[in-house]
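Topology and contacts: notes
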Amino acid sequence: MIVLASQSPRRKELLAELVPRFHVQPADIDESVEAGEIPEDYVQRMAREKAAAVAADFPAELVIASDTTVVVGQEIFGKPVDEADARQMLKKMSGKTHWVHTAVVLQKQGQRQERLVSAQVTFSSLTDQMVADYLKTGEYQDKAGGYGIQGAAKVFVEAIQGDFYAIVGFPVNTVAKLLKEYPEELEK
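The notes below deal with the structure included here.

The rules we used
- Residues numbered from 1 in each chain as written.
- Predicted model: local features only at pLDDT ≥ 70, side-chain atom pairs only at ≥ 80, totals over all residues.
- Heavy atoms only, no water.
- Buried < 20%, exposed > 50% of the residue type's maximum accessible area, 1.4 Å probe, protein only.
- Helix = DSSP H or I, 4+ residues; strand = E, 2+ residues; numbered from the N terminus.
- Pairing = 2+ DSSP bridges.
- Salt bridge = Lys/Arg side-chain N within 4 Å of Asp/Glu carboxyl O.
- Axes fitted to C-alpha atoms, helices over the stretch in contact; angles between N-to-C directions.
- Parallel < 35°, antiparallel > 145°, perpendicular 65-115°, else oblique.
- Left-handed = near helix turned anticlockwise from the far one by under 90°.
- Contact = heavy atoms within 4.5 Å.
- Nonpolar A, V, L, I, M, F, W, Y, C, P; charged D, E, K, R; others polar.

We now examine the pairing of strand β5 (residues 97–108). The buried fraction of β5 is high, at 10 of 12 residues. Pairing analysis gives 12 bridges linking β5 to strand β6 (residues 111–123), with the strands arranged antiparallel. Its bridge partner lying in β6, Trp99 is registered against Gln120. Linking β5 to β6, which pair antiparallel, is a turn of 2 residues; within it Gln109 sits at a positive phi near 45 degrees.

The structure is reproduced here in structure tokens:
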């Protein structure tokens, strides 16, 4: 059995395109950034900790965990705590290029495969009204950086360099390649 360590509907939808059956078990971990931690290390640590937490309950199963973070300069933008936090994040990304890092971990019986997939996203300059209109949609909730590129925020995007699905939060091509290491799971 494959276990997806995520509550994200997007990850669930994308994994369903790769495997016919899986179980969803969100990981409950502390997602605080450690002092001095760089964004790439942070997102990889989060994915590893999610995988480990769920693998503790499903030790014989293949666990897939993923984590995404948005980075402006070296400032890590996780999920906004409220609308004001999301507004601040979006304004900081306005007219700039930022990084999105998604880490993926596949873990089974103590063996782990992990990858980091990154992309750059350039936003157009955003007016206060554009940001306010977007925030009214509620899409910012539970999304790193306060936006979902596959939703209404797509109008903010001027350019993308890299894997679109890393920005969505589940790099499908990378996960598909990693799943080939577990052919017995794909047959279940």
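Glancing now at the pattern of salt bridges. Inspection of every chain in the model, using the stated rule, returns 12 salt bridges. For Glu75, the salt bridge goes to Lys92, with nearest N and O atoms at 3.1 Å. Taken as a pair, Glu75 in strand β4 (residues 75–77) and Lys92 in helix α3 (residues 83–93) lie far apart in primary sequence, 17 residues in all. For the salt bridge of Lys108 with Glu184, the shortest nitrogen-to-oxygen distance reads 3.5 Å. One end of the pair, Lys108, is in strand β5; the other, Glu184, is in helix α7 (residues 183–186), with 76 residues separating them in the sequence.

The interhelical angle for the contact between α3 and helix α4 (residues 128–137), taken along N-to-C directions, is 140 degrees, at an axis separation of 10 Å. The orientation of α3 relative to α4 falls into the category oblique. For the element pair α3 and α4, the recorded crossing hand is right-handed. Where α3 abuts α4, its residues Glu83, Ala86, Arg87, Leu90 and Lys91 lie against Asp128, Val131, Tyr134 and Leu135. Residue classes in the contact of α3 with α4 are distributed as 5 nonpolar, no polar and 4 charged.

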